[in-house]
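Spelled out, the chains give:
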Amino acid sequence: PIYCAKKTKTHKDELGICRVLLAELEAHQDAWPFLTPVNHRAVPGYRKVIKKPMDFSTIKEKLTSNQYLNLETFIIDVNLVFDNCERFNEDDSEIGRAGHRMRRFFDKRWTELLQ
Ligand SMILES: Cc1ncccc1N[C@@H](C)c1ccc2c(c1)OCCO2
């Protein structure tokens, strides 16, 4: 078509995309380090080093209690999970590698869903 307006997404559309993305993140085989909040009593130094802890269950709670304004605020929290992981874990470690794989998966999926 000559005139092709970019279809704006309503708040509901964006939240639907967040639910799909979160479900895929939680189902991913490398999600295990990120499913629940890091127990800072079990992980020495975590509370001191990581100022803004985040995990998929917390994101789910925020999503279901309508705390995300839009897709962008949701993506900021998902990226916080992966940035915290990179800050605390060696790249060459089980958790570090899982974080890199999960970030790569997420980046691919949300750009696909947005096209
Ligand atoms: C994402 C992350 N970053 C740094 C440390 C931990 C974690 N994940 C927790 C769930 C976790 C993952 C693996 C564990 C563990 C806790 O406690 C000890 C046994 O192995």
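Of note, E14 is situated in helix α1 (residues 11-27). Buried charge without a partner: E14 forms no salt bridge, and the closest opposite charge is K9, 7.3 Å away. From its side chain, E14 meets the backbone nitrogen of L71 in a polar contact 2.8 Å long. Setting aside residues up to four positions removed in sequence, E14 forms contacts with K9, N70 and L71.

With that settled, the discussion passes to the site of the ligand. Residues in close proximity to the ligand include W32, P33, F34, V38, V43, Y46, F88, N89 and I95, which together make up its full environment. Within the backbone of P33, one N or O atom sits 3.1 Å away from a nitrogen atom of the ligand.

Attention now goes to a nonpolar patch on the surface. On the surface, W32, L35 and I95 cluster together into a nonpolar patch covering about 270 Å² of accessible area. Locating L35 in the fold gives a position in the loop between α1 and α2 (46-49). Relative accessible area serves as the criterion here: at 34%, L35 is assigned to the partly exposed category.

Time to look at the packing of aromatic side chains. Tallied over the entire structure, the rule returns seven aromatic pairs. Every member of this aromatic cluster is reached through a ring pair, and the members are F34, F56, Y68, F74, F82 and F106.

Attention shifts here to the nonpolar core. Nonpolar side chains in soluble globular proteins tend to end up buried together. Counting residues in each nonpolar core, the largest one holds 24 residues, and the members touching the most others are F56, I59, F74, F82 and F106. Looking at this core, the elements that each hand over two or more residues are α1, α3 (56-64), α4 (71-88) and α5 (94-114). Among the elements that take part in this core, α4 stands out by supplying eight residues, more than any other.

Rules used in this analysis
- Residues numbered from 1 in each chain as written.
- Predicted model: local features only at pLDDT ≥ 70, side-chain atom pairs only at ≥ 80, totals over all residues.
- Heavy atoms only, no water.
- Helix = DSSP H or I, 4+ residues; strand = E, 2+ residues; numbered from the N terminus.
- Buried < 20%, exposed > 50% of the residue type's maximum accessible area, 1.4 Å probe, protein only.
- Lys, Arg positive; Asp, Glu negative; His and termini not counted.
- Salt bridge = Lys/Arg side-chain N within 4 Å of Asp/Glu carboxyl O.
- Polar contact = N/O pair within 3.5 Å; in protein donor to acceptor, adjacent residues only side chain to side chain.
- Contact = heavy atoms within 4.5 Å.
- Near = heavy atom within 4 Å.
- Patch = residues over 30% accessible without salt bridge, like charges linked within 9 Å, V, L, I, M, F, W, Y side chains within 5 Å.
- Areas by Shrake-Rupley, 256 points an atom, 1.4 Å probe, with all protein chains shown as cover.
- Phe/Tyr/Trp six-rings, centres within 6.5 Å; stacked < 30°, edge-to-face > 60°.
- Core = buried A, V, L, I, M, F, W, Y, C linked by side-chain atoms within 4.5 Å.

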